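Residue strings, one per chain:
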Amino acid sequence: MKAVVAGWGMAKFGRRRATLRDLMSEALKSLFENTPNLSRDDVEGLVVSSNAPERSGQTNLASLASELINLENLKYITRTEIACASGHAAIRAAWFAISAGMIDSAIVLGVEKMWLPYPEAMLITDMEREWDFPQFWYGRAPSGFALCAQEHMKRYGTTREQLAMISVKNHGNALLNPYSQELRRRPKSVEDVLNSRPVSSPFNLYDCSARVDGASALLIVGEDVAKSYTDVPVYLLGSGQKAIGLSLSVMKSYADWHHLKAAALDAYRMAKIEPRDIDVAEVHDCFTIAEIIEYEELGFCKKGEGGRLVEEGQTFIDGDIPVNPRGGLIGCGHPVGATGVAQVVEILQQLRCEAGKRQIDGCEIGLAHTQGGIATTQSILILGVSVK
Amino acid sequence: MRRFDQYPPESEEETQLHAFFQNLKNGRFTTTRCEGCGKVWWPPRTICPNCITSNLEWVELPKNGRLKLYTVCQREKGVEPVVLGIVEIGGLHIPSKINASIEEIEEGMELFLEIENLEDGRVIYAFSKQE
Ligand SMILES: [Zn+2]
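What this report covers is the structure whose coordinates are included nearby. (Residues numbered from 1 in each chain as written. Chains lettered and ligands numbered in written order. Predicted model: local features only at pLDDT ≥ 70, side-chain atom pairs only at ≥ 80, totals over all residues. Heavy atoms only, no water.)

**Brief notes about the overall build of chain B**
Note the following rule: Each helix corresponds to a stretch of at least 4 residues labelled H or I by DSSP, and each strand to a stretch of at least 2 residues labelled E; elements are numbered beginning at the N terminus. Note on contacts: a residue pair is in contact if any heavy atoms of the two residues lie within 4.5 Å.
When you go through chain B residue by residue, the secondary structure sums to 1 helix and 8 strands. Listing each helix as α and each strand as β along chain B from the N terminus yields α-β-β-β-β-β-β-β-β. Projecting the C-alpha coordinates of chain B onto the three principal axes gives extents of approximately 45 × 45 × 25 Å. Within chain B, counting contacts between residues at least 6 apart in sequence, those at least 24 apart form 45% of the total.

**Thoughts on the pattern of salt bridges**
Cut-off, in case you're wondering: Definition used for salt bridges: Asp or Glu carboxyl oxygen within 4 Å of a side-chain nitrogen of Lys or Arg. Only protein chains enter the calculation, and the probe is 1.4 Å; a residue is then buried if its accessible area is under 20% of its type maximum, exposed if over 50%, and partly exposed in between.
In this structure the tally under the stated criterion is 29 salt bridges over all chains. For A:E72, the salt bridge goes to A:R40, with nearest N and O atoms at 3.2 Å. One end of the pair, A:E72, is in the loop between α2 (61–68) and β3 (76–80); the other, A:R40, is in the loop between α1 (20–34) and β2 (45–49), and 32 residues separate them in sequence. The exposure class assigned to A:E72 is exposed, which follows from its relative accessible area of 54%. Given the relative accessible area of 33%, A:R40 is considered partly exposed. One salt bridge connects A:E354 with A:R352, and the closest N-O pair in it is separated by 3.2 Å. Look at the salt bridges and you will find they share partners, linking A:E151, A:R155, A:D256, A:E296, A:E297, A:K303 and B:K68 into a network.

**Focus on helix α13 (residues 336–351) of chain A**
Residues and elements named next belong to chain A. Rules: Expected helix span is taken as 1.5 Å per residue step, with the number of steps being one fewer than the number of residues.
With 16 residues, α13 ought to run about 22 Å at 1.5 Å a step, and its terminal C-alpha atoms sit 24 Å apart, in line with that. The buried count for α13 comes to 16 of 16 residues, which makes it a mostly enclosed element. Just beyond α13, the residue with positive phi is C353, at close to 55°.

**Quick notes on the side chain of A:N204**
Residue and element names in this part refer to chain A. Just so we agree on the cut-off: Throughout this description, a polar contact denotes any pair of N or O atoms lying within 3.5 Å of each other; where both atoms belong to protein, one of them has to be capable of donating a hydrogen while the other can accept it, and for residues adjacent in sequence the pair is counted only when both atoms sit in side chains.
Along the chain, N204 falls in strand β6 (residues 203–204). Exposure remark for N204: the relative accessible area of 10% places this residue in the buried category. At 2.6 Å, the side chain of N204 and the backbone oxygen of S196 are in polar contact. Apart from residues no more than four positions distant in its own chain, N204 is found in contact with R160, V193, L194, S196, R197, P198 and V199.

**Concerning the packing of helix α3 (residues 86–99) of chain A against α13(A)**
When two helices pack together, their arrangement is given by the angle between the helix axes and by the axis-to-axis distance. All names here are of chain A. Stated precisely, the cut-off is as follows: Lines fitted to the C-alpha atoms define the axes, with helices restricted to the stretch that makes contact. Angles between their N-to-C directions range from 0 to 180 degrees. Should an angle fall under 35 degrees it is called roughly parallel, over 145 degrees roughly antiparallel, and 65 to 115 degrees roughly perpendicular, with every other angle called oblique. Residues are grouped as follows: nonpolar covers Ala, Val, Leu, Ile, Met, Phe, Trp, Tyr, Cys and Pro; charged covers Asp, Glu, Lys and Arg; every other residue, Gly included, is treated as polar.
Taken N-terminus to C-terminus, the directions of α3 and α13 make an angle of 60°; their axes are 6 Å apart at the nearest point. What the angle tells us is that α3 and α13 run oblique. Contacts between α3 and α13 involve G87, H88 and I91 from the first element and G337, G340, V341, Q343 and V344 from the second. Of the residues belonging to the contact of α3 with α13, the class tally is 3 nonpolar, 5 polar and no charged.

**Looking at the interface of chain B and chain A**
Basically, it comes down to this: Here's the idea: put two parts together, see how much 1.4 Å probe accessible area each one loses, and the total over both is what we call buried area.
If you look at the interface, chain B gives 32 residues, while chain A gives 32 residues. For the pairing of chain B and chain A, the buried interface totals around 3,000 Å² over both sides, and the portion due to carbon and sulfur atoms is 60%. One can count 2 salt bridges joining chain B with chain A. When the shortest N-O distance is used, the salt bridge between A:E151 and B:K68 registers 3.2 Å. For the pair chain B and chain A, the number of links is 10 residue pairs in polar contact (both at pLDDT 80 or more). For the side of chain B that touches chain A, the secondary-structure elements that each account for two or more residues are β4 (64–73), β5 (82–89), β6 (92–99) and β8 (123–128) of chain B. Residues of the side of chain B that touches chain A, tallied by class, amount to 18 nonpolar, 6 polar and 8 charged.

**Concerning the coordination of the zinc ion**
All names here are of chain B. Filter applied, for reference: Coordinating donors are taken as N, O and S atoms within 2.8 Å of the metal, stretched to 3.2 Å for Na, K and Ca; because water is absent from the atoms, sites can appear incomplete. Key to geometry: four donors with every angle between 85 and 135 degrees are tetrahedral; four donors are square planar and six octahedral where opposite donors lie over 155 degrees apart and all remaining angles lie between 65 and 115; all other sites are irregular.
In the first shell of the zinc ion, the protein supplies C34 (SG), C37 (SG), C48 (SG) and C51 (SG), at 2.3 Å from the metal. Classification of the site at the zinc ion rests on its 4 donor atoms, whose angles at the metal span 105 to 116°, yielding the label tetrahedral. What makes C37 partly exposed here is its relative accessible area of 38%.

In structure tokens form, the structure reads like this:
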């Protein structure tokens, strides 16, 4: 059975005065409002993506979510977690359950509560006590990706300005997205990025995605029931995942993510498409360098030319291969468990021509990419309005 | 509330890699080598990831290496920046704090192991310019 993404729901991202319950309720309500024919009796699966609800002192989120909309016909319920790629793990779980014939429909719900009034809460997710390095609490994600940037700049000549252009592009796109975080100031130029405070060289503040609260939802159903919910079925066409471990020491190269390239090849092969067939992409821009390396490994340009691709404007909304029209993690904020699901919400809106001011003309095939850890876990989904 | 522990567990009660920290206390920088396939792993292991056996021996690593990559990290305003980097020792990539000033830090520079004693008796390692 082919699986179709048939509906979406979003809660506003940002520093929210809201609990996990509140955030999940908001995204679920939005999903039902946007999918008029969806009844809670139809829902047979519920997969919740959350990286660390333990921060709020809560586990077993899928059970909590089922209570929020009184799901009485559930046959499959679970939570997924592979760090920042948790959202893709949830979508894949729902897809597999439908393909296996176990269920006809599932809600995928991504959620993260990051802003809590006690500092211990942040420590829980900043800790990597089983990592390979005793001073982990200093740097974590910003420093890990900064090392990737250092090697990429040295090996391929990627410039500081090219990194900054990713931030300018994605902040600009986020202004067109009603669900993105609200910021008092957003960088409008390369200079604005370069003048923001240093975080971990070469990154300044605007090179980094911010931790925010958020939730996002999708309805995924079997092809045979999809027409009840949507006039434009958007199929899950292909996917690839690779992991090479967790620790920084397992990476042989910090500028070349061979395992991402391998995961992308698997996804393209499964979807029977080539990188040039992609009309729109949402990629994991946790830090500016990540988006540049992803262009290369996903095959949007040659290795080493990712910086030039953004410099030439080709990944802007009006470019040849628009990337992160939603605003990405940098523009929207990064509620970890909700991010991967929100990316697919954007792909769905683009393929259904519902993306408003962000709409890219003639979108038929879209790609979403996320990663967990310091690029060690990679995940790709390819969606399209027709099956090849 | 007990504060969340920032440092790795080191005692025999808590970790089977206790020997690494015991060796470090005695001034030896060690890791595990598989007796089956011969591979030297970082970080140290209780099983060889290739052979999936426990035939591992502790081997001593050189206490000096080269700085492969580094970043100057300043996550919060008003805190002293910290240098974090990847130290290459015998082909291994060892992430660590680098005790060096921003003025003297340089890719490719030689670095030496530094053992730091924590208040509760535990030890951690870093690398610095001086032997
Ligand atoms: Zn072995």
